[in-house]
Amino acid sequence: MKIGGNANYVCDVTSDEDLQQVYQNSKKLNQPVYVIGGGSNMIVRDTGFPGIIVRMRIMGVDILSDTPESVTVSAGAGETWDVFVKQMVERNLSGIEAMSGIPGTVGAAPVQNIGAYGQELSNTFVSLEAYDTQTDSFTTLKKEECGFAYRHSIFRGNESGRYVITRVTLQLLKKRPEPPFYDALQKYLEQHQIGAMAVTVQIIRGAVLEIRNNKLPDPNRLPNAGSFFKNPIVEKVFADQLLTTYPNMPTYTVDQTHVKIPAGWLIQTANFKGRVLHGIKSHDGNAVVLVNQNARGYADLAAARTEITTTVAKKFGINLEQEPLEL
Ligand code: EPU
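Residues numbered from 1 in each chain as written. Predicted model: local features only at pLDDT ≥ 70, side-chain atom pairs only at ≥ 80, totals over all residues. Heavy atoms only, no water.

Most of strand β4 (residues 49–56) sits inside the fold, with 6 of its 8 residues counted as buried. Taken together, the 6 bridges between strand β1 (residues 7–13) and β4 define a ladder with parallel strand orientation. Each bridged residue has a counterpart across the sheet, and for V10 the counterpart in β4 is I53. (Buried < 20%, exposed > 50% of the residue type's maximum accessible area, 1.4 Å probe, protein only. Helix = DSSP H or I, 4+ residues; strand = E, 2+ residues; numbered from the N terminus. Pairing = 2+ DSSP bridges.)

Next up, the structure:
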């Protein structure tokens, strides 16, 4: 978001040995370590980080198994997520094509269990390799051990800071994408007169890139961290009450008793969309994205955040939770 101070040190790691050495040295230097991928989904305070920022750059994509139905693939945590998605789509593999265009790295993907346009990382996830900072050793974590939920995992929850993800293994399918498609994709297919039987992973990737392009600001041009808030999950009875006042409020079923409400809709309906608060703009294409237009620092971002969350809480009785991690 182009906000935040400096770190004492920054270094890149390109192998497991590098990574282990940084942690061992950090103890001698008495410096805390924080690992980032692309740094696209985080907020840094003006005071910066009084330690070592490690940029994860362990690379390599390996096919572990290839059967008539599926391919199991392992990717280095430092691989750029969208380059990896493109490679898999080129191989006609299905499972992550709707997550095209998400900024950041492969290793960051499990931390917030990235998701978009009907797909979530956890759907194809098999396991990951990680450096366990507690035991100074490398370990494998299976899907059940990662505690995946909507935009959540143990890596930003209970075990935050403990594991450094070095490789991620996914199982992708050798089949065409099948309906039902996410609303925006369905609309795109209808507009382009593409029948359900003709849909390929390439078409979905192209559609997602186009939709994202129209709705989400490019972080290289307009500093932003994607959705600034998670879509709140509320009790269905609570949402039903709100629907009597706001019949056009979109809701997505989570389970029998819970629904998700788009934070973008809440922020728009609270009249923030397109407005600039303390140099921070709620994006025209999707109000949930906050763009740093000319904020003077973290305090401006925090002030804009408070104004939005308190207004939304007062109007709807819903507390918005920040999505990007904060350092
Ligand atoms: N909406 C509004 N106003 C807005 C934004 C959205 O009314 O300003 C309404 C839309 O009209 C639609 C509904 O809310 O009815 C959902 O909007 P959209 O499909 O654009 O998705 P979203 O819920 O705003 C989520 C993810 C995105 C992801 C999209 C597509 C979260 C917090 N955000 O956004 O992920 O790309 O779905 O699947 O879950 C991210 O995490 O950084 C991110 C961009």
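According to the domain assignment, the protein chain contains domain 1 (7–56), domain 2 (61–173) and domain 3 (224–326). Placing a centre on the C-alpha atoms of domain 2 and another on those of domain 3 gives a separation of 27 Å. In this assembly, domain 2 packs against domain 3 so that about 590 Å² is buried in total across both faces, 47% of it on carbon and sulfur atoms. On the domain 2 side of the interface with domain 3, the three residues burying the most area are Y150, R151 and R156, jointly 84% of the side's total. Here domain 2 is connected to domain 3 by 1 salt bridge. Put simply, E323 and R151 hold a salt bridge, and the shortest N to O gap is 3.2 Å. At the junction of domain 2 and domain 3, the tally comes to 3 residue pairs in polar contact (both at pLDDT 80 or more). Of the residues in the side of domain 2 that touches domain 3, the class split is 2 nonpolar, 2 polar and 2 charged. (Domains from an automatic or database assignment. Buried area = accessible area lost by both parts, 1.4 Å probe. Salt bridge = Lys/Arg side-chain N within 4 Å of Asp/Glu carboxyl O. Polar contact = N/O pair within 3.5 Å; in protein donor to acceptor, adjacent residues only side chain to side chain. Nonpolar A, V, L, I, M, F, W, Y, C, P; charged D, E, K, R; others polar.)

Attention shifts here to the layout of surface pockets. Quantified by volume, the second largest pocket comes out at close to 610 Å³. Around the second largest pocket, the lining is made up of 24 residues, and of these I36, G38, G39, M42 and V44 lie nearest the centre. Mapped by element, the contributors of at least two residues to the lining of the second largest pocket are β1 and β4. For the lining of the second largest pocket, the element with the highest residue contribution is β4, accounting for 3 residues. Looking at side-chain class alone, the lining of the second largest pocket contains 12 nonpolar, 9 polar and 3 charged residues. (1 Å grid on protein atoms, 1.4 Å probe; cavity = no way out; pocket = protein on both sides within 12 Å on 5 of 7 lines; lining within 4 Å. Points joined across faces, edges and corners; volume = space filled by probe spheres on them.)

Moving on to the site of the ligand. What surrounds the ligand is a group of 22 residues, the closest being Y117, Y150, Y182, Q268 and A287. At 2.5 Å, a side-chain N or O of Q268 approaches a nitrogen atom of the ligand. Within the complex, the protein chains bury 83% of what would otherwise be the 820 Å² of accessible surface of the ligand. Secondary-structure elements contributing two or more residues to the shell around the ligand are α5 (201–215), β12 (224–227) and α7 (263–269). Among the elements that line the shell around the ligand, the one with the most residues is α7, at 3 residues. In the shell around the ligand, the residues fall into 10 nonpolar, 6 polar and 6 charged. (Near = heavy atom within 4 Å. Areas by Shrake-Rupley, 256 points an atom, 1.4 Å probe, with all protein chains shown as cover.)

Read across the open sheet, the 3 strands follow the order β1-β4-β2; overall the sheet is parallel. Edge positions in the sheet fall to β1 and β2 (33–36), since each has one partner strand and no second. Looking at each pair of strands side by side, their axes are set apart by 25° on average, direction ignored. Here β2 runs beside β4; their pairing, made up of 4 bridges, is parallel. (Axes fitted to C-alpha atoms, helices over the stretch in contact; angles between N-to-C directions.)

Going through the model one piece at a time under the given rule, you end up with 15 salt bridges. When the shortest N-O distance is used, the salt bridge between R55 and D12 registers 2.7 Å. Note that R55 is positioned in strand β4 and D12 in strand β1, a separation of 43 residues in sequence. When its relative accessible area of 38% is taken as the criterion, D12 is described as partly exposed. In this structure, K175 engages E178 in a salt bridge whose closest nitrogen and oxygen atoms are separated by 3.8 Å. You can call K175 partly exposed: its relative accessible area is 40%.

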